[in-house]
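# Architecture and fold: a report
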Amino acid sequence: MGETIIALADLRYAAPVPQVPPTWSAPSGHLADRLHRPLRDLRISVTDRCNFRCSYCMPKEVFDRDYRFLPQTSLLTFEEITRLARAFVAHGVTKLRLTGGEPLLRKGLEDLVRMLAELRGADGQALDLTLTTNGSLLARKAQALREAGLKRVTVSLDAMDDAVFRRMNDVDFPVADVLEGIRAAQHAGFGPIKVNMVVKRGTNDHEIVPMAKHFRGSGVVLRFIEYMDVGATNGWRMDEVLPSAQVLARLRERWALDPLEATTMGETAERWRYADGAGEIGLISSVTQAFCRDCNRARLSTEGKLFTCLFATRGHDLRALLRSGHSDDEIAAALAPIWSERADRYSELRSQADHAEPGGERRVEMHYIGG
Ligand code: SAM
Ligand code: SF4
Ligand code: SF4
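Cut-off values and rules
Residues numbered from 1 in each chain as written. Chains lettered and ligands numbered in written order. Predicted model: local features only at pLDDT ≥ 70, side-chain atom pairs only at ≥ 80, totals over all residues. Heavy atoms only, no water. Near = heavy atom within 4 Å. Helix = DSSP H or I, 4+ residues; strand = E, 2+ residues; numbered from the N terminus. Nonpolar A, V, L, I, M, F, W, Y, C, P; charged D, E, K, R; others polar. Phe/Tyr/Trp six-rings, centres within 6.5 Å; stacked < 30°, edge-to-face > 60°. Buried < 20%, exposed > 50% of the residue type's maximum accessible area, 1.4 Å probe, protein only. Core = buried A, V, L, I, M, F, W, Y, C linked by side-chain atoms within 4.5 Å. Contact = heavy atoms within 4.5 Å. Salt bridge = Lys/Arg side-chain N within 4 Å of Asp/Glu carboxyl O.

### Considering the site of ligand 3
Around ligand 3, the structure places 13 residues, and the nearest of them are Cys-292, Cys-295, Cys-309, Leu-310 and Ser-347. Those elements giving two or more residues to the shell around ligand 3 turn out to be strand E10 (297-300) and helix H11 (346-350). In terms of residue class, the shell around ligand 3 is made up of seven nonpolar, one polar and five charged.

### Remarks on the site of ligand 2
Taken together, Cys-50, Phe-52, Cys-54, Tyr-56, Cys-57, Met-58, Gly-101 and Asn-134 make up the full set of residues near ligand 2. In terms of residue class, the shell around ligand 2 is built from six nonpolar, two polar and no charged.

### Focus on the packing of aromatic side chains
All chains considered together, the criterion is met by seven aromatic pairs. Measuring from centroid to centroid gives 6.2 Å for Phe-52 and Phe-165, while their planes differ by 70°, and the two rings are edge-to-face. Of this pair, Phe-52 sits in the loop between strand E1 (41-45) and helix H2 (78-90) while Phe-165 sits in helix H5 (residues 162-169); the two residues are 113 residues apart in sequence, bridging distant segments of the chain. Judged by its relative accessible area of 2%, Phe-165 falls in the buried class. An aromatic cluster is present here, built from Phe-52, Phe-165 and Phe-173 joined pairwise through their rings.

### A look at the nonpolar core
Counting 94 residues, the largest nonpolar core has Leu-96 and Phe-224 as the members making the most contacts within it. Filtering out sequence-adjacent residues up to four positions away, Leu-96 remains in contact with Leu-42, Ile-44, Ala-85, Leu-116, Leu-119, Leu-127, Asp-128, Leu-129 and Thr-130.

### A few points about the pattern of salt bridges
Counted under the stated rule, the structure contains 19 salt bridges. In this structure, Asp-111 and Arg-114 form a salt bridge, with 3.0 Å as the shortest nitrogen-oxygen distance. In this pair, Asp-111 and Arg-114 are both assigned in helix H3 (residues 109-117), three residues apart and thus about one turn of the helix distant. Two residues, Glu-280 and Arg-271, come together in a salt bridge whose shortest N-O distance is 2.9 Å. Classification of Glu-280 as partly exposed rests on a relative accessible area of 22%. You can call Arg-271 buried: its relative accessible area is 16%. When salt bridges that share partners are traced, they join Asp-33, Arg-37, Arg-342 and Asp-344 into one network.

And the structure:
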C-alpha cells in the first residue's frame, strides 16, 4: 500500500532526470538563461503540507482528508537540500528562501537553517537566508530560527479583521496569533520583517487601509500581492484581481506616498515610502505588470524537482540525480544546461491575447513548488 502511494505521488508533474553532460567546466558563479537572466534566487519547498486552507492556494474542497500529500520517503532530506543548495550557490545563487506548504511544519527546520547558514557565496559572503510562513507557529519558533542563522522572515496575513482572516485561512485561525508571531520575530531580532497580503477583490480589499494603518510606523514592510492564477485548483478569475494601481490609489487617498528605487535586480515588489517617514510598502503586480524580464528565481519542490517558473507544468528530477550516486560536480554540471536553456516568461505571455494555455498539462500547485 505504502509503495502505491509513493508511486502515485512521484508521478505528479512530469520530471525528466537531468543529464550530466559528458564534459563540463567548474561553475563560474554566473549562469545566464536564454533571455540573459542570471540565476540568483532559489526557493526551497520543505513540505507540501499546511495547517491553513487559504482558498487562493489550497482550497478545502480539493485538499481534503482524502488528498494524498507526499510520503516522508519522497521528501528531500536536509543533507540532500544542502547539497543541492551548494550546487546552486556555485552557479551564482545568493539568496535562499525556505517555503512550502507551511515550512514551520517541517520537523527540525532549525537544523536545515543551520546547515544552509554555513554556505558561502562565490564571493565568500554569507547568503541571504530567509523564510516565508503563515505565522501560526512563529511565536514558538522565532528565537530558535534566529539562533540557527536565519536572517529574515516574511509573514503572510490577509486581513486585520478577525472574521475575514478566519474565513480566508478557512481553518478558523485568529489574527491575534499571527500578530504574536510577528512580535516574537521582532523580539528575536529579525528585521525588517515583511508581511504579505494577497488581495482578492470582494473578499478582503476593504482590509487594505486597515492593514496599512496597523503596520505603518511599526518597522514592518507590508506588501500587497495581486491574486494570481497559479496552480489549477483555486478557480482564479480575473475579476477577483484588484490591480496594484488601485491598491495604491486607495492608499494615496489616505497618505502621501513617494516611489522608491529598486534595491536589487529581480526584486518583485515596487516600493513606496510614506512621505511622513512612517516606513514603506510594496506592491507585487504579478498579473497586471509582469516582471519576467528580471526573473532570476528557481524553485525546488518538496521532493526535489526543479522548476524554472512558478507557472511551469514540468520539473527536472534532481532527487533522482542525488540518489543515483552522482558527485557534487556532476550535479552542478547537470544544472547548467537547465538554466541556460530557460526561456520562461509566463506572466508576460498571459497578458498577450493570443497566448494559449500550455497543452493540456496541469500547472504545478504553489504549496508544492513553494511561493
Ligand atoms: N505557507 C507559507 C505562507 O503562506 O506564507 C508559505 C507558502 S505560501 C504558498 C507563499 C506565499 O504565496 C504566501 O505569501 C501566499 O500568500 C502566496 N500565495 C499563495 N497563493 C497565492 C495566489 N494564488 N496568488 C498570490 N499569492 C499567493
Ligand atoms: Fe498554506 Fe501558505 Fe498556501 Fe495559505 S498560502 S494555504 S498558509 S501554503
Ligand atoms: Fe518568473 Fe515565471 Fe513568474 Fe515570469 S511568470 S516572473 S518567469 S516565475
